[in-house]
Amino acid sequence: MDANVERILHIRIKRTMAALEKNNMRAFYVPSSKEAAALVSTLLEEGETVATGGSATLVQTGIMEILRSGKYNFLDRGKKGLTPEETKEILHKALLSDTYLTSSNAITETGVLYNVDGNSNRVAAMLYGPKRVIVVAGQNKIVPDLSAAVVRVKETAAPANCVRLDKDTFCAKNGRCMRPVCDKADLMTLPAGGCEDTICCNSVVMGRQRNADRIIVIIVGEDLGF
Ligand code: SF4
């Protein structure tokens, strides 16, 4: 990366971390995936119950491998051969895990985590249940404010996730949500028809936390996930 661009990016990361801390979330920065995985290892206690939301970032950073190492009681929703009932049970148990790991669709420089979910097990766990939540996010997830976070989901995160999950949605076919096309004023609500297979069922804005340091955010100096 160009040194000047990198310098600007680091100013934004620093601002984001300070804002997250003000909102009672603990913030870390690590330059690489490898260091993110190492940090997660030091934060987790052997034998504790861990669970995850669906996350390309956790796979790319190698954190998923650490969780599958046998050191933890990992409620593995990705285990091969699970029946739909077994998967459902894991998602429910995850709500009472010691540590829940996930990424975030966007992190604002004002210290807000913004996530949009279809099944919504991920946003439910982020909000309440697990004793703590570790959010691992690439620098590409940082946006100036909530409006930019909403646009990021509609134009980047949701279309890519719809393709990954094989969803029959407008954005999977057209590369962006129908919403910016038909109604720029109200990006957060569901489109009225035309997207029955939507993954944008619930939009969650996480600002100041009452339970200090329950949310730990690790920002990685790489582009990760969607
Ligand atoms: S509402 Fe539908 S088309 Fe728009 S981003 Fe979400 S899944 Fe895609």
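Residues numbered from 1 in each chain as written. Predicted model: local features only at pLDDT ≥ 70, side-chain atom pairs only at ≥ 80, totals over all residues. Heavy atoms only, no water.

Caption draft 1: Highlighting unusual backbone geometry. Phi at Asn-24 is positive, roughly 70°, even though this residue is not glycine. The buried category is assigned to Asn-24, whose relative accessible area is 19%. Notably, Asp-166 is not glycine yet its phi reads approximately 55°, a positive angle. Residue Asp-166 is classed as exposed on the basis of its relative accessible area, which comes to 68%. (Buried < 20%, exposed > 50% of the residue type's maximum accessible area, 1.4 Å probe, protein only.)

Caption draft 2: Geometry of empty space enclosed by the protein. Throughout the structure, instances matching the rule amount to two cavities of 30 Å³ or more. If you add up the space inside the largest cavity, you get close to 90 Å³. Elements with a minimum of two residues in the lining of the largest cavity: α7 (146-164) and α8 (170-174). By residue number, the principal contributor to the lining of the largest cavity is α7, which donates three residues. (1 Å grid on protein atoms, 1.4 Å probe; cavity = no way out; pocket = protein on both sides within 12 Å on 5 of 7 lines; lining within 4 Å. Points joined across faces, edges and corners; volume = space filled by probe spheres on them. Helix = DSSP H or I, 4+ residues; strand = E, 2+ residues; numbered from the N terminus.)

Caption draft 3: Main features of the sheet that holds strand β9 (residues 202-206). Spatial strand order, β8-β5-β6-β9: four strands in an open sheet with mixed pairing. On the outer flanks of this sheet lie β8 (142-143) and β9, each paired with one strand and no other. Both strand β6 (residues 113-117) and β9 contribute to a ladder of five bridges, which runs antiparallel. By the bridge assignment, Asn-115 is partnered in β9 with Val-204. Across the sheet, α7 touches β5 (106-108), β6, β8 and β9, and the angle it forms with β6 is around 30°. (Pairing = 2+ DSSP bridges. Contact = heavy atoms within 4.5 Å. Axes fitted to C-alpha atoms, helices over the stretch in contact; angles between N-to-C directions.)

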